[in-house]
Amino acid sequence: MTTLTRRIGSAQLEVIVADITTLGVDAIVNAANTSLLGGGGVDGAIHRAAGPELVAECRTLHGCKTGDAKITKGYRLKAAHVIHTVGPVWNGGTHGEDDLLASCYRRAIELCREHKLTSVAFPAISTGVYRFPAERAAEIAVRTTIEMLPLAPSVARVVFCCFSEPSAKLHAEALVRHSGPC
Ligand code: AR6
């Protein structure tokens, strides 16, 4: 199984294959929709594991724009917080999809900085129901995260929590490209 750990500056970046709802990090990121009221995929799994208090808090947030992110508590999750972000629906790549996906990672890490969080786990945002090509998404995820780290010194650990071996391989390859082979 592909797992990889790289140190970049003072932060550790990891690629793992896991169910993100099981991770004991300060925040897990949710690949939500603009309503923030739940859905399928990782969104459904996070809401199921967090319990009904999560959707109750989400109702107070009045949705979220594509490319933006909002934070809630984690309720019954091991993670203390959930950062809900809304990735773009893939529509051929000429509708700003790359920038919107990068914005999800940027806004999530900005929230980590604002809330002084030290560890955060990302799913492969937009690569499921929203059909963003997996390799292109992994490159954007890793590159944007690494670009943001100097601006978020509280963040000591970032986990790319993949749900399949092929997804982990793509994230590991991107991490090696951006951090060197050893
Ligand atoms: N842990 C980690 N990753 C997961 C998990 C899990 N438990 N479950 C799925 N994934 P998707 P999107 C992976 O479809 O493409 C929802 O209905 C999955 O394999 O969850 O951003 C929302 O409400 C894929 O790699 O999110 C929106 O309407 C990745 O998570 C819409 O789907 C993202 O797949 C968002 O679509």
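Residues numbered from 1 in each chain as written. Predicted model: local features only at pLDDT ≥ 70, side-chain atom pairs only at ≥ 80, totals over all residues. Heavy atoms only, no water.

A. Representation of the UniProt feature "domain: Macro" (unreviewed entry) in the protein chain within the structure. Under the UniProt annotation, the feature "domain: Macro" (unreviewed entry) is placed at residues 1-179. A helix fraction of 37% and a strand fraction of 21% characterise residues 1-179, whose end C-alpha atoms lie 20 Å from each other. (UniProt positions renumbered as here; feature names shortened; annotations may be inferred. Helix = DSSP H or I, 4+ residues; strand = E, 2+ residues; numbered from the N terminus.)

B. Local environment of the site of the ligand. The immediate surroundings of the ligand are formed by 19 residues, with Asn33, Gly40, Val42, Asp43 and Gly128 found nearest. Here an oxygen atom of the ligand and a side-chain polar atom of Asp43 are 2.7 Å apart. Take Thr127: an N or O atom from its side chain is 2.9 Å from an oxygen atom of the ligand. For the ligand, the protein covers 88% of the area, taking 700 Å² as the surface of the free molecule. Of the residues forming the shell around the ligand, the biggest block, four residues, is contributed by helix H1 (residues 41-50). (Near = heavy atom within 4 Å. Polar contact = N/O pair within 3.5 Å; in protein donor to acceptor, adjacent residues only side chain to side chain. Areas by Shrake-Rupley, 256 points an atom, 1.4 Å probe, with all protein chains shown as cover.)

C. A look at the pattern of salt bridges. Applying the stated rule across the entire model yields eight salt bridges. Ionic pairing is found between Glu173 and Lys169, a salt bridge with its closest N-O pair at 3.1 Å. A residue pair is termed a helical-turn pair when its members lie 3 or 4 positions apart in one helix, as Glu173 and Lys169 do in helix H5 (residues 165-179) at four residues. The partly exposed category is assigned to Glu173, whose relative accessible area is 32%. One continuous salt-bridge network, built from bridges that share partners, spans Asp68, Arg107 and Glu110. (Salt bridge = Lys/Arg side-chain N within 4 Å of Asp/Glu carboxyl O. Buried < 20%, exposed > 50% of the residue type's maximum accessible area, 1.4 Å probe, protein only.)

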